[in-house]
Each structure stands twice: as structure tokens, then as C-alpha cells.
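These are the residues of each chain, in order.
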Number of protein chains: 2
Amino acid sequence: MLASRGTLIVNLLSSPGSGKTTLLAETAKRWKDRYRLGVLVGDIATDRDAQKLAPWVPAIQLTTGGACHLGLPQVQRGWEQWEGERLDFLFIENIGNLVCPSSHDLGEHTRVVLLSTTEGDDKPGKYPKVFRTSHGVVISKLDLLPHVPFSIPAASDDARKVQPHLEIIPLSALSGEGLDVWLRFLETQRAMHVCNDCS
Amino acid sequence: MLASRGTLIVNLLSSPGSGKTTLLAETAKRWKDRYRLGVLVGDIATDRDAQKLAPWVPAIQLTTGGACHLGLPQVQRGWEQWEGERLDFLFIENIGNLVCPSSHDLGEHTRVVLLSTTEGDDKPGKYPKVFRTSHGVVISKLDLLPHVPFSIPAASDDARKVQPHLEIIPLSALSGEGLDVWLRFLETQRAMHVCNDCS
């Protein structure tokens, strides 16, 4: 239904603190005059992330009260609050958890996992399911690369052993490096999955 | 049973890549002539962490094959491989996940959650259960503090709103800063929980 209205749904997964919220805020700043965006923000407790996003993009907080992932019914109820809106991109910011959310299909067109340079380049093999089920990997916090033991080629090789077709996008939401590649990736995904001449 | 033999059991919880393995390796290096240590290392896949620890401390890898936390039967089976050994400290390195492991009692005396400076100082309120059920919080990766937006007082306040008696230990396993406080914390926990004149 959303695809027929031209909305690409993107499910963002990562560990806590990998930079999902910051990436979405920076995406929204750059696209404010170009696309209509919305974010459904999942958290176990608090509405901190929705508050952070509110100046830049319409955001609805979904609070699980303890559950380690979002489920489809909760996402549907969140979406219904926008019923009638026509968005170009609907982002689902999942609970910070590299395990459970990978097992739950939220109806997304595109699944993206964030791996920050501070988490270590050995994580894809250790948490394979989220990498196996994703279309893209954002390697976030590129600005910290000089200070941490992390190799982008090693992380990319490890991720592609799990899923050879992964698109890998290193970026820093703080410095802006790599964000152009991220925005092109999203536009390409929308062109692939969503009709272009929706009524 | 382990307490009667003088073994303190410590359950370490955190997000992926917060530094559990590195902290345990540095702990083992400093205590190699002082205490007998053992580590049960939980991971979803691979034995990478046990391999990293092997030069410094006896480590048994527990692989869940997908489950988001360790369970008591698995920990018991791991421990049985050491049956007869007399350890001073048995560390359980849980799955990298700030949610699910907090709901599973592994028989530990002491639960410690690691929060790295790169994850953000807003995490205790967003993932309250793991902070509420822990005795100590290690704020790890102190060496990265100059490069990241993280306030130790803000993180400590947020954590103590959830659990006022939390002991908070900022450290860097890489630079060694704060490790003396960590080692004293462990010794104090052992003195509190475990008999001192075990046969």
C-alpha cells in the first residue's frame, strides 16, 4: 500500500549508540526541501530519540516497555497516526540491538545495519543474521577511525562472507563524509522498489 | 557451591563492541601471578573471543547459535569442563546485547554492565533494566572521551536515577587508566560474597 503511494520503507538496525538517530537527523536536514520523510522511532523506554529528531523530521516514538525489537503491529499502529500523509521515505529506527530485530520482518523494502568503527571490525561474523538479512551496511563514525583499531577492508570482507551482495557505505554523520553515497543509496533503493508515477 | 570453594562469579553485560573481551584480557594480565581466573565466553557465532583471551586466561567458548543471551544450563555445562578446578574469579562474558541478558540470572554474585563512551551518555534511561539489575557500571573507552560527545557526570546521573547504589568505574583498558579501581572493585566484591577461608 505504501509502495503504491511512493513510500520506500527503510528498517535501520544496529547496536545501541551506533548512530542511527544522528544519521536520520542529518539525512532529514539535507533533504528537507527535496523529499517528505517520516520516522518511527523504537525504544525500550523514554522518547529521547523522537525529541532529538523532532526539529528535523516528523517522528513518532514507539516504546516497547522491555521488548528487544519492534513488531509489525506496533509499526502499523504508529503508521496509522500519519494515515493520509504521502511520504517519500518512511524510516523505522529499530531498538538498539544487533540480535533480535534481525528476526522480525516489519514490511520494509530495504534493511540497513549500522556498524560503528568503535564496535570493532570482527562483528559481522559474530552477529551474522543481521548482516545476512540486510541490503546495506553503514560503517558509521568514520571520524573516529584514526583513534580506534578498526579496518574497513576487514569489516567489509567479514560482512561479505556472510552476505556477498551487501552494499557497504562508510560515513560520518558528524563530519558529513560519505553522506552523499548514503543519500544516493536511498534514492536508488526507492527507484528499485517503489513506483515512480504514483497517483 | 562455587562460593564455598572461594570463586566469585561475575556476569559481564554490554552492547557489542563495548570492550568486555579487552577488559578481561587486561584483568588477566595484571592478575596472572595473583589469582586463578577463568572465563566462559558467550557468542552467537565464532570462537573469536575465546581465541583472543586464550593467551592470558583459560577460556571456554559458549556459542548460542542465534539466541540473544546465555542461559544457566549452558553456563553449567561450560563450567563442568573445569570441574575440580579451584578458581578465585569466574567471569561470564555474556552475548553483546544490552537488552535480553538482563532478564536471565546466571547464578552470578556480581553483575557488571559496560557502557562505552562512544555509545552516548543517554543509554541508561533508554535501556533501564540492565542498569537496574547491575552492581557496577564500567564506563569503558575513556581514551576516546576527547573525541566523542559523552559526559561522565550525565551518564552517571542517568544510571543512578535507575539504580541509586550503582558503583561507577570509568576506565580505559587500552591506556590502563582506571584499571586499579576496577581490580579493587572485584576484590571487594569477592570479599563480600565469598568465604575467605575455604578449604
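Refer to the structure presented above.
Residues numbered from 1 in each chain as written. Chains lettered and ligands numbered in written order. Predicted model: local features only at pLDDT ≥ 70, side-chain atom pairs only at ≥ 80, totals over all residues. Heavy atoms only, no water.

Caption draft 1: Structural detail: the overall build of chain A. Looking only at helices and strands, chain A features 7 helices and 7 strands. Walking chain A from its N terminus toward its C terminus, one meets helices and strands in the order β-α-β-α-β-α-β-β-α-α-β-α-β-α. Its C-alpha atoms give chain A a radius of gyration of 16 Å, within 12% of the compact-globule value 16 Å for 199 residues. Overall, the C-alpha framework of chain A stretches about 45 × 35 × 30 Å when taken along its three principal axes. Within chain A, the proportion of its 199 residues that are buried is 60%. Residue pairs in contact within chain A that sit at least 24 positions apart in sequence constitute 71% of those at least 6 positions apart. As displayed, chain A has an accessible area near 7,900 Å², and 50% of this comes from carbon and sulfur atoms. Side chains of chain A give 21 positive and 23 negative charges; the mean places of these two sets differ by 1 Å. (Helix = DSSP H or I, 4+ residues; strand = E, 2+ residues; numbered from the N terminus. Rg over C-alpha atoms; globule rule 2.2 N^0.38 Å. Buried < 20%, exposed > 50% of the residue type's maximum accessible area, 1.4 Å probe, protein only. Contact = heavy atoms within 4.5 Å. Areas by Shrake-Rupley, 256 points an atom, 1.4 Å probe, with all protein chains shown as cover. Lys, Arg positive; Asp, Glu negative; His and termini not counted. Charge placed at Lys NZ, Arg CZ, Asp CG, Glu CD.)

Caption draft 2: Region of interest: the relation of the copies chain B and chain A. Expressed as a screw operation, the relation of chain B to chain A combines 0.0 Å of axial shift with a rotation of 180°, fitting to an RMSD of 0.0 Å. When the rotation and shift are considered jointly, the pair of chain copies conforms to a two-fold rotation axis. By residue overlap, the copies meet face to face through one surface: 100% of the interface positions of chain B are interface positions in chain A. (Least-squares fit on C-alpha atoms with pLDDT ≥ 70 in both.)

Caption draft 3: Main features of the side chain of Asp43(B). Its place among the elements puts Asp43(B) in strand 2 (residues 37–43). The class for Asp43(B) is buried, based on a relative accessible area of 2%.

Caption draft 4: A look at the interface of chain B and chain A. The interface is formed by 31 residues belonging to chain B together with 31 residues belonging to chain A. Together chain B and chain A conceal approximately 2,500 Å² of surface at their shared face, both sides included; 57% is due to carbon and sulfur atoms. The largest per-residue losses of area from chain B upon contact with chain A belong to Pro16(B), Arg48(B) and Lys126(B), which jointly make up 24% of the total buried on that side. Taken together, chain B and chain A are joined by 8 salt bridges. Residue Asp49(A) is joined to Lys126(B) by a salt bridge in which the shortest nitrogen-to-oxygen separation is 2.8 Å. Our count for the contact surface shared by chain B and chain A stands at 15 residue pairs in polar contact (both at pLDDT 80 or more). (Buried area = accessible area lost by both parts, 1.4 Å probe. Salt bridge = Lys/Arg side-chain N within 4 Å of Asp/Glu carboxyl O. Polar contact = N/O pair within 3.5 Å; in protein donor to acceptor, adjacent residues only side chain to side chain.)

Caption draft 5: Structural context of the nonpolar core. Membership of the largest hydrophobic core comes to 44 residues, with the highest contact counts inside it found for Val99(A), Phe131(A), Val137(A), Val99(B), Phe131(B) and Val137(B). Put simply, the parts of the chain that give this core at least two residues each are strand 5 (110–116), helix 5 (128–132), strand 6 (136–140) and helix 6 (152–162) of chain A together with strand 5 (110–116), helix 5 (128–132), strand 6 (136–140) and helix 6 (152–162) of chain B. Leaving out residues up to four positions away in the same chain, Val137(A) has contacts with Val113(A), Phe131(A), Leu166(A), Glu167(A), Ile168(A) and Ile169(A). (Core = buried A, V, L, I, M, F, W, Y, C linked by side-chain atoms within 4.5 Å.)

Caption draft 6: Representation of the packing of helix 1 (residues 20–30) of chain A against helix 7 (residues 179–193) of chain A in the model. Residue and element names in this part refer to chain A. Running from N to C, helix 1 and helix 7 cross one another at 80°; their axes reach a closest spacing of 11 Å. The angle between helix 1 and helix 7 places the two elements in the roughly perpendicular class. In this structure, helix 1 uses Leu23, Glu26, Thr27 and Arg30 to contact helix 7, whose residues at the interface are Leu179, Trp182, Leu183 and Leu186. Grouping the amino acids of the contact of helix 1 with helix 7 by side-chain chemistry returns 5 nonpolar, 1 polar and 2 charged. (Axes fitted to C-alpha atoms, helices over the stretch in contact; angles between N-to-C directions. Parallel < 35°, antiparallel > 145°, perpendicular 65-115°, else oblique. Nonpolar A, V, L, I, M, F, W, Y, C, P; charged D, E, K, R; others polar.)

Caption draft 7: Geometry of the sheet that holds strand 4 (residues 89–96) of chain B. All names here are of chain B. Strand order across the open sheet formed by 7 strands is 3-2-4-1-5-6-7, with parallel pairing between neighbours. The strands lining the two open edges of the sheet, one partner per strand, are strand 3 (59–63) and strand 7 (167–170). Direction aside, the axes of adjacent strands within the sheet are offset by 20° on average. By the bridge criterion, 4 bridges tie strand 6 to strand 7 in an arrangement that is parallel. Note on strand 7: the bridge partner recorded for Val137 is Ile168. The strands touched by helix 1 (residues 20–30) within the sheet are strand 1 (8–14), strand 2, strand 4, strand 5 and strand 6, with strand 4 carrying the most contacts at an inclination of about 165°. (Pairing = 2+ DSSP bridges.)

Caption draft 8: The packing of aromatic side chains, seen in detail. Scanning the model with the defined rule gives 12 aromatic pairs over all chains in all. Ring geometry for Phe89(B) versus Phe91(B): centroids 6.2 Å apart, planes at 10°, classification stacked. As far as the burial class goes, Phe89(B) and Phe91(B) line up, both buried. Taken together, Trp31(A), Tyr35(A), Phe89(A) and Phe91(A) form an aromatic cluster joined through their ring pairs. Note that Arg190(A) overlies the ring of Phe89(A), its terminal NZ or CZ placed 5.7 Å from the centroid. Against the face of Trp56(B) rests Lys29(B), its NZ or CZ located 4.5 Å from the ring centre. (Phe/Tyr/Trp six-rings, centres within 6.5 Å; stacked < 30°, edge-to-face > 60°. Lys NZ or Arg CZ within 6 Å of the ring centre and 35° of its normal.)

Caption draft 9: Representation of the pattern of salt bridges within the structure. Scanning the model with the defined rule gives 24 salt bridges over all chains in all. A salt bridge links Glu108(A) to Arg111(A); the shortest N-O distance between them is 2.8 Å. Taken individually, Glu108(A) and Arg111(A) each receive the classification buried, so the pair is uniform in this respect. The residue Lys126(A) makes a salt bridge to Asp43(B) at a minimum N-O spacing of 3.7 Å. A residue pair is termed interchain when its members come from two chains, as with Lys126(A) in helix 4 (residues 123–126) and Asp43(B) in strand 2. Residues joined in a network through salt bridges with shared partners are Glu26(A), Lys29(A) and Arg30(A).

Caption draft 10: The arrangement of the side chain of Thr117(B) in detail. Residue and element names in this part refer to chain B. Here Thr117 shows up in the loop between strand 5 and helix 4 (123–126). A distance of 2.8 Å separates a polar side-chain atom of Thr117 from the backbone oxygen of Lys141. Non-local contacts of Thr117, meaning those with residues more than four positions away in its chain, are made with Ile139, Ser140, Lys141, Leu142, Leu144, Leu145, Val148 and Phe150.

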